[in-house]
Amino acid sequence: NNMSQSIQQMNNQQHSRQQIETQPSLGQALGSQFAGSSILAGGMSLSLSPFALAAGLSTDGSSVHTKTPFHPSSYPPSVSMSSCPPVLQPIHEQTNGNQQFGYVQHPSQQIIGSQLAAPNLPPAQSSLLQPPLYQKVHRDEPAGSFNNLMTNSKVARETLTEENFDDVMDSFLGDFLTSVQVQHEQYSVTPQQQLPELSLRGWIDISRPRFVNNPPTTPCHLMAEISSYIKSAIPLAIKLTEFLIEAEKRYIPIPLASITCENVSVRLMNRRFGASQIQEGYVEAIDHVMIKSCSGDSPDPGGKMPRLFALGIILYEVFSQDPFFDLGAANTLSASSNSESVASNSESVGRLSLSKTGSGDDRPSKRSQLNSLRSRNSDIHGESIAKLESLGIPQSICTLVGNLLDCAQGDFRGDDAYRSLADVHTDLRLMRDDPSCFLDNLQVSPHPSFEIRSTFYGRKGVISNIEKSYKKSINGGCGGIVVSGGAGVGKSSLVSEVTRKLALQTNAYYLEAKFDQSNDVNPLSKIGAVFNSLCDLFAQDATQSQLNSVAEELETSLGSQAALLIGVLPSLTKLITFSTNGASNECIDPAASMKFLFRKLLEVLSQHRRMTFFLDDLQWADPASLLLIASTISNTEESCYLYFACCYRDDDIEEGDPFTLWLSSISMFPLEIMKLRNISTEGVNELVSETLHLSPRITRPLASILHHKSRGNPLFLRQLLQSLRDQGYIYLNNLSPPRWAWDFEKIANLEISDNVVALLIKEMQKLHTDLQSALKVASCIGSCVKYSSFDILSQDLKVNLRDILFQVAQKGFMIHVDETRIRFAHDKIQQAAYEMMPVKQMLENHMRFGLALCSHALDDSGVESDVLFFVAVNQINRGGPDVLTDPNKKVMVAALNLKAGKRSIELSDYSTALKLFEHGISFLDNDQRWTVHYNLSLDLFDSAGETACALNDAEAVNRLSHQVLAHAKCSGDKLKCMYTIVKSLRLAFKFIDSKQVAFKMLKQLGERLPRPMDDIGLATNIQDMKLILQNMSDDSILNLKETNNKQKDILLLNIYYDLTFLFTYIDSKRVADASLRMVQITVLNGVCCMSPLAFASFAIVLVNVGDYALGYRLGTLALRLFGKHPNAQRYTSSVIALVGHFVSWVAEPLQAIAESHLLGFNYGQRNGDVLASTLNYQFYLQIIFLSGQSLTISRDKSREFAHQLLQRKQRFLLNGSCCLYLQAVAFIEGLEFKEEETGQEKLPTWGEIAKAKTSAHLDFSLVFLTQRCMRCFLFKLYDEIPQYGILDLISEKNVTLRPIFYCGVFFEGLLHFYFARKSDGDKYRKKGEAALIFFRNLSKLNEWNFENKFLTLQAETMHSSGYHEQASQLYEEAIRSANRHKFIHEEAIASELAGMHCYDIGLHQKSYSLFLHSVECYKKWGALAIARRVESLVQSKFGPGFEQLGPDDGLLASILAPKECSLKRHQE
């Protein structure tokens, strides 16, 4: 027979086939084979797949040999047996002479085989060609097993054709029959190893409640017995439904006639007993459930509705423990199935007749027939459900069974009837997983209401992403998340709960802060409270050794500025002991200093404990807090112990506001961005379903209309549900037990505002007036308020706000946070309560509450009163000056704002301070401002102008300073304002305008204006000061008396110091006189906090005029003055920058100077000296580059620094940093290399910097010329040599020397000597010799930094002049000097030049060795591109064969061996 005929015969269950040769042992062998794999039990035998039948195996184990070839047209082209499904495992048992078929399932089984299509076969036959439902592959099968034979035999290797089919199959059968005999004993299984298997009735008998035979003694025992049985029956129902679903998925649906209770088989998990050994009442876990088909059953699967009805009958018997037909119902119930009708006539399912009903004209046409059908079915179903209810079965189970039985109605079924097996499966799983919600009956109270769970409906994906992000942070791959979304989408609750749980799982501290829209004038209150709590937690949990370690680390990191941090974090004193006296006087910029201090505190503590921060509603955070948060988040790049979860509302921000700028600033940090949107219809249905304790399929229509009205906004949806419940649109019906119901039509037609605030206001207006008043009071104060504040207001309002707010919280509008605080459940609720008041009442309440709180804040002292003070001032300012009519109170409020503004500056919040100063000004009447209240007005305007300058708000500075200059009574009252203008113009790069204002100030103070360097009198004054300082000992300078006129001297020194900065860019010849005047004021009048700057500035002048010794001595004393005058420590970073870069190089190694600049950078960070800190770091980067330290480090640090400058908009330093970065990249990768885009703001290219150089200041022009000369020499780009000489510009422009400039002179000299050799001209030789003289003088000054450079240039001189012996000696000494002084790059340069010289004079072996040493040194430096260039040079000069000789190690050892260098002789 061919394949199609075999399949047709199997479908018809006609098993009489021609048997040519019989093998009685084959069925037994096959049974044993699969029983050994835990698939078959005992004596079960195997029914084979169509492929097995085609191969010649019958279902009873006999062999069928036929010469009729397999016809391949039924299958896709080129189908090999390796892709064909193995033998199916339908099984048959001999039960009373009838064969029963089924499909077994086991959790450990693996599904194998590819699904095949059979386009030429009808669906019923095609379904049999699918792979088996569940195929067990034994994990330790021998090579000859059935499955391995299927994989490894000819069947697997060859493609079946008509020609080879018989040979392939005969070969396979021979191998298989041989292997089965060998494996029979190995795979045989004893009954004790088999899983116990029961019929459904058998399972019910052993699982049913004991009260069936032994009535319980109490109702509680009865309910417990029923509950226990239900909880064991539901898993059985689930597995049965899964079996039916899986069969349909595999296109092998169980025949409708087989879906009966008698055919259900249950296999238990217990392996210790056989089925006969299971005792009644002993409930085993269910392994699987299956349905066995009787051989006489029709194979037709039937339609959906009859199959669901059949499942309902089975589940009825499971839960009622009685057969469905025992009710005595009629046995002629009809089941309509429209287009999915069952096959012909009727098949027996129990005692029910499932008759086929067609579609169209075959449907019942007479109403009497329909009513009769419904009546009969309703009676039967009603009796069935009543039976379940009488047994105490939960209403949910009764409803499920009733909805399944209702499927018998076909097209006339009710709306709640099931439509798919998947819906049944979903409901059963809900009952199992959440019985309190979906299984148990509702417990009715006198005042029924429903509870909306806090579960995050429809958010599984977001929760998963947060958990993945947290795991990545533990591995250092992520610093946190930034979650955005609209109001009411549930950002706060979701992120808070998920991150709190993750922190608990990882033993991390969890800290959170929620920012408040109305508390915008309380600087650092929220972020400060978080870090204060962190200090409390750590002090409580840490061991003594940890506390000691942290105290030591904090003292080192924070230094004297710890006092500033203690002012914000009082609990820091639990970790470190420090005095807070005078802290504010030691800081240049408190905001910058505060960022550094918070970051260091977090860095130290996070080394001992993982921390998770949740920061909510960041769109309302004050600017100071945003800066601190960005600074602390930057720590996550270096620590895997910090995780930040940030939330903000994206519908409350506008493009260009401070928060959007902050968002762009943190884009470089390792944070993952997430967007939370409204939940979908499915999420809404999940919420409604759980709230109403009903199946999701039943609540789906209601959920759809609620989603439409609420747009899926969770907050709106919850309020809407509660409102519909309160209005009676959702109600409890009168059933027993009751369940929730609703009026769908009324809800659909109900007009509901699309604004959640309007809905909330409507709900609040239903409250008692006292509760409404309390909500209004709370909404004025803030989203989270301390009870102590309400206690103060209670005295003023003559009511007990605590008791009333307790009632408000019971209504769900507010939440008790702890014993001290209460907060609104959502900020939209606060907004709704606030908007219940008219504007006039809002303003009056703010003023009244502010004055009441202020009186208490001023009476107390400490941190708590500080917070209360800001809350009070905030309330008063929100009320505004128009509400306050008493002039005396207005003056008082203005003074309060002045005090609050100065306190905000101490807390580093300049933005808030400026607002407070301007609020104070607004409370002073215009006509009395500069007459009656002159001093208060002057203080407010000066403070506001200075704060605006710190914020770089030039417009505000101009506006405020104009008022002072117009109304000041004397010139002295104008000086503070004028100096603010000087700084503001300097920050705006208006250097000439700034200088002119400074000159006006000097004239008003009786000072002469700074003179140019060529002034005769200036030279005399400098010489006189030199004599004074030379005659003073170090101790006398360090112990100079303090000035008696501190305020004026500090002002003058500030003006002159600013002028030295301005003169550097616009008139460098006047720098010396400004510096001279600073040291004159200090020496003649006495020292003050700025005296170290005075000595450092004059030290630079002395070095410039050639007095290196006195200049270095004075610079060293400037650094030592900090120990004598602690108030001067704020300028530590500035002094280190000046002395380190412009003075220290004359005596100290470059490598040591780099470390001092790094120290200066940290001091600047600590003291808030942003400019000095930035300059120190740029100088540090320059020097590590010039001193030959790792180019990779130089490249990475320069790139990071350049991006930071872009972010901070400090573009005047950007090009210098980019030069370093691009130069390092070129030396490492080559000139043509371009880095990939990183998403950060793009840095300028080398070409763009070259164009900008022409319009830049001389200082940067020299920097760029230096880098260009270095690039030209190392890459041998002789056509790109600059026309202007660096040494000429230094001499002509009187430029202050520093390391990068003398390095430029060095490379320029090397280029000149190269051209001197090539052109044989005196022009280049003279320029080279000028560089040689320059370094000869420097080498006398500092051998470490300049000896090797001088020797290299002198060797080049000898090489150019033809003195080859002297040149060779000098080259070797230059190599040795560079090696000894750790300048690896200059060792490489000297070695390359020496190799070139040896090659020119014919010493090829020595030349080759020197070239190779040069390559090695370049690689150590990291200049891989330069090393490749030298290697190419060697290849071109020596060819490929010369490298076999290798370097002369003895020569290199001789050169590098320590020897006495005749430097003095060479200098002479």
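Residues numbered from 1 in each chain as written. Predicted model: local features only at pLDDT ≥ 70, side-chain atom pairs only at ≥ 80, totals over all residues. Heavy atoms only, no water.

(A) Spatial organisation of the overall build of the chain. From N to C terminus, the chain includes 62 helices and 19 strands. Burial analysis of the chain (1468 residues in total) assigns 55% to the buried set. The contacts in the chain between residues at least 6 apart in sequence include a share of 74% that link residues at least 24 apart. Only carbon and sulfur atoms are counted for the fraction: they give 49% of the accessible area of the chain, which is about 63,100 Å². (Helix = DSSP H or I, 4+ residues; strand = E, 2+ residues; numbered from the N terminus. Buried < 20%, exposed > 50% of the residue type's maximum accessible area, 1.4 Å probe, protein only. Contact = heavy atoms within 4.5 Å. Areas by Shrake-Rupley, 256 points an atom, 1.4 Å probe, with all protein chains shown as cover.)

(B) Summary view of the environment of Ile259. Among the secondary structure elements, Ile259 is positioned in the loop between α9 (219-249) and β5 (264-268). For Ile259 and Ile314, which are 55 residues apart along the polypeptide, the C-alpha to C-alpha distance reads 8.1 Å.

(C) The packing of helix α54 (residues 1299-1319) against helix α56 (residues 1343-1361), seen in detail. At a closest axis distance of 9 Å, the pairing of α54 and α56 adopts a crossing angle of 10°. Judged by the angle between their axes, α54 and α56 are roughly parallel. On α56, the residues that touch Tyr1302, Cys1303, Phe1306, Gly1309, Leu1310, Phe1313 and Arg1317 of α54 are Asn1345, Phe1346, Lys1349, Thr1352, Leu1353, Glu1356, Thr1357, His1359 and Ser1360. The residue makeup of the contact of α54 with α56, split by class, is seven nonpolar, six polar and three charged. (Axes fitted to C-alpha atoms, helices over the stretch in contact; angles between N-to-C directions. Parallel < 35°, antiparallel > 145°, perpendicular 65-115°, else oblique. Nonpolar A, V, L, I, M, F, W, Y, C, P; charged D, E, K, R; others polar.)

(D) A look at the side chain of His933. Along the chain, the position of His933 falls in the loop between α35 (910-922) and α36 (934-950). With a relative accessible area of 17%, His933 lands in the buried category. When near neighbours in sequence (up to four residues on either side) are disregarded, His933 contacts Val891, Leu924 and Gln928.

(E) Structural view of the sheet that holds strand β4 (residues 197-199). Taken in spatial order, the three strands make up an open sheet running β4-β5-β6, and their pairing is antiparallel. Two strands close off the open sheet at either side, each with one partner strand: β4 and β6 (286-291). Averaged over neighbouring strand pairs, the angle between their axes works out to 25° when direction is ignored. One ladder, built from three bridges, connects β4 with β5; its direction is antiparallel. Residue Glu197 lies in a different strand from β5, and its bridge partner there is Arg267. (Pairing = 2+ DSSP bridges.)

(F) Focus on the confidence of the model for the chain. For the chain, the average pLDDT comes to 79, and 77% of its residues sit at 70 or higher. Taken together, the stretch residues 580-585 has pLDDT below 50 and engages in eight contacts with residues farther than four places along the chain or on a different chain. (pLDDT = per-residue confidence, 0-100.)

(G) The arrangement of the sheet that holds strand β10 (residues 480-485) in detail. Spatially, the five strands line up as an open sheet ordered β11-β12-β13-β10-β14, and their pairing is parallel. Two strands close off the open sheet at either side, each with one partner strand: β11 (509-514) and β14 (671-676). Between one strand axis and the next, the sheet turns through 15° on average, direction left out of account. Pairing between β10 and β14: six bridges, direction parallel. Its bridge partner lying in β14, Gly480 is registered against Leu671.

(H) Up close: empty space enclosed by the protein. Using the criterion set out here, one finds 10 cavities of 30 Å³ or more in the structure. As a volume, the largest cavity reaches approximately 280 Å³. Taken together, 23 residues form the lining of the largest cavity, with Ser396, Phe438, His693, Leu694 and Ser695 sitting closest to its centre. No other element matches the four residues that helix α12 (residues 395-405) contributes to the lining of the largest cavity. Considered class by class, the residues forming the lining of the largest cavity number 13 nonpolar, six polar and four charged. (1 Å grid on protein atoms, 1.4 Å probe; cavity = no way out; pocket = protein on both sides within 12 Å on 5 of 7 lines; lining within 4 Å. Points joined across faces, edges and corners; volume = space filled by probe spheres on them.)

(I) Representation of helix α18 (residues 544-558) in the model. For α18, built from 15 residues, the straight-helix expectation of 21 Å at 1.5 Å per residue is met to within 8% by its first-to-last C-alpha distance of 21 Å. Among all positions in α18, only Leu547, Val550, Ala551, Leu554, Ser557 and Leu558 are buried. Seen from one end, α18 has its buried residues packed into an arc of 140°, which puts them on one side. The exposed set on the far side of α18, more than 90 degrees from its buried face, consists of Ser545, Glu552 and Thr556. Looking one or two residues past α18, Gly559 carries a phi angle of roughly 60°, positive in sign. (Expected span 1.5 Å × (residues − 1). Arc of directions from axis to C-beta.)

(J) Fine view of the packing of aromatic side chains. Per the counting criterion, the structure on display carries 41 aromatic pairs. For the ring pair Phe1335 and Phe1346, a centre distance of 6.2 Å and an interplane angle of 55° mean the geometry is tilted. Here Phe1335 is found in helix α55 (residues 1322-1341), whereas its partner Phe1346 is found in helix α56, with 11 residues between them in sequence. Overall, the relative accessible area of 0% leaves Phe1335 in the buried class. For Phe1346, a relative accessible area of 0% gives the class buried. By way of ring pairs, the aromatic residues Tyr1108, Trp1145, Phe1273, Tyr1302, Phe1306, Phe1307, Phe1334, Phe1335 and Phe1346 are connected into one cluster. Lying across the ring of Phe869, Lys899 places its NZ or CZ 5.0 Å from the centre. The lysine or arginine in question, Lys1276, covers the ring of Phe1273, its NZ or CZ lying 3.8 Å from the ring centre. (Phe/Tyr/Trp six-rings, centres within 6.5 Å; stacked < 30°, edge-to-face > 60°. Lys NZ or Arg CZ within 6 Å of the ring centre and 35° of its normal.)

(K) Examining the pattern of salt bridges more closely. On inspection of all chains with the given rule, the structure shows 51 salt bridges. Residues Lys574 and Asp536 are paired through a salt bridge, measuring 2.7 Å at the closest nitrogen-oxygen approach. With Lys574 in the loop between α19 (562-568) and α20 (590-605) and Asp536 in helix α17 (residues 525-541), this pair connects stretches of sequence that are 38 residues apart. The exposed category is assigned to Lys574, whose relative accessible area is 52%. Accessibility expressed as a relative area gives 27% for Asp536, which makes it partly exposed. Linking Asp1073 and Arg1008 is a salt bridge whose minimum nitrogen-to-oxygen distance equals 3.0 Å. Of this pair, Asp1073 sits in helix α43 (residues 1071-1085) while Arg1008 sits in the loop between α39 (991-1004) and α40 (1016-1030), and the two are 65 residues apart along the sequence. For Arg1008, a relative accessible area of 33% gives the class partly exposed. Here the salt bridges share partners, and the residues they tie into one network are Arg1008, Arg1011, Asp1015 and Asp1073. (Salt bridge = Lys/Arg side-chain N within 4 Å of Asp/Glu carboxyl O.)

(L) A look at unusual backbone geometry. Unusually for a residue other than glycine, His693 sits at a positive phi of about 60°. Structurally, His693 can be placed in the loop between α23 (681-692) and α24 (696-710). Although it is not a glycine, Asn952 sits at a positive phi angle of roughly 60°. Tracing the chain through its elements places Asn952 in the loop between α36 and α37 (954-967).

(M) The arrangement of the environment of His1312 in detail. Topologically, His1312 is positioned in helix α54. Setting aside anything within four residues of it in sequence, one finds His1312 in contact with Tyr1324, Lys1327 and Gly1328.

(N) Expanded view of the nonpolar core. Grouped together as the largest cluster of nonpolar side chains are 326 residues, with contacts concentrated most on Leu572, Leu618 and Leu706. Sorting elements by how many residues they give to this core places α54 first, with 12 residues. Apart from residues no more than four positions distant in its own chain, Leu618 is found in contact with Phe515, Leu626, Ile629, Cys646, Cys647, Tyr648, Phe659 and Trp662. (Core = buried A, V, L, I, M, F, W, Y, C linked by side-chain atoms within 4.5 Å.)

(O) Spotlight on the environment of Ile204. Checked against the element boundaries, Ile204 lands in helix α8 (residues 200-207). Each C-alpha atom, one on Ile204 and one on Glu317, is 8.8 Å from the other, the two residues being 113 residues apart in sequence. Contacts of Ile204, omitting those with residues within four sequence positions, involve Tyr229, Glu317, Val318 and Gln321.

(P) Seen up close, the pairing of β6. With respect to burial, β6 is a largely interior element, six of its six residues being buried. Where β5 meets β6, five bridges bridge the pair, whose relative direction is antiparallel. Bridged to Leu268 within β6 is Ile286.

(Q) Main features of the packing of helix α59 (residues 1404-1421) against helix α61 (residues 1449-1456). Where α59 contacts α61, the axes come no closer than 9 Å and their chain directions differ by 65°. Of the possible angle classes, the one that applies to α59 and α61 is roughly perpendicular. Crossing hand, α59 versus α61: right-handed. Every residue of α61 that contacts α59 at Lys1406, Ser1409, Leu1410 and His1413 is listed here: Leu1451, Leu1452, Ile1455 and Leu1456. (Left-handed = near helix turned anticlockwise from the far one by under 90°.)

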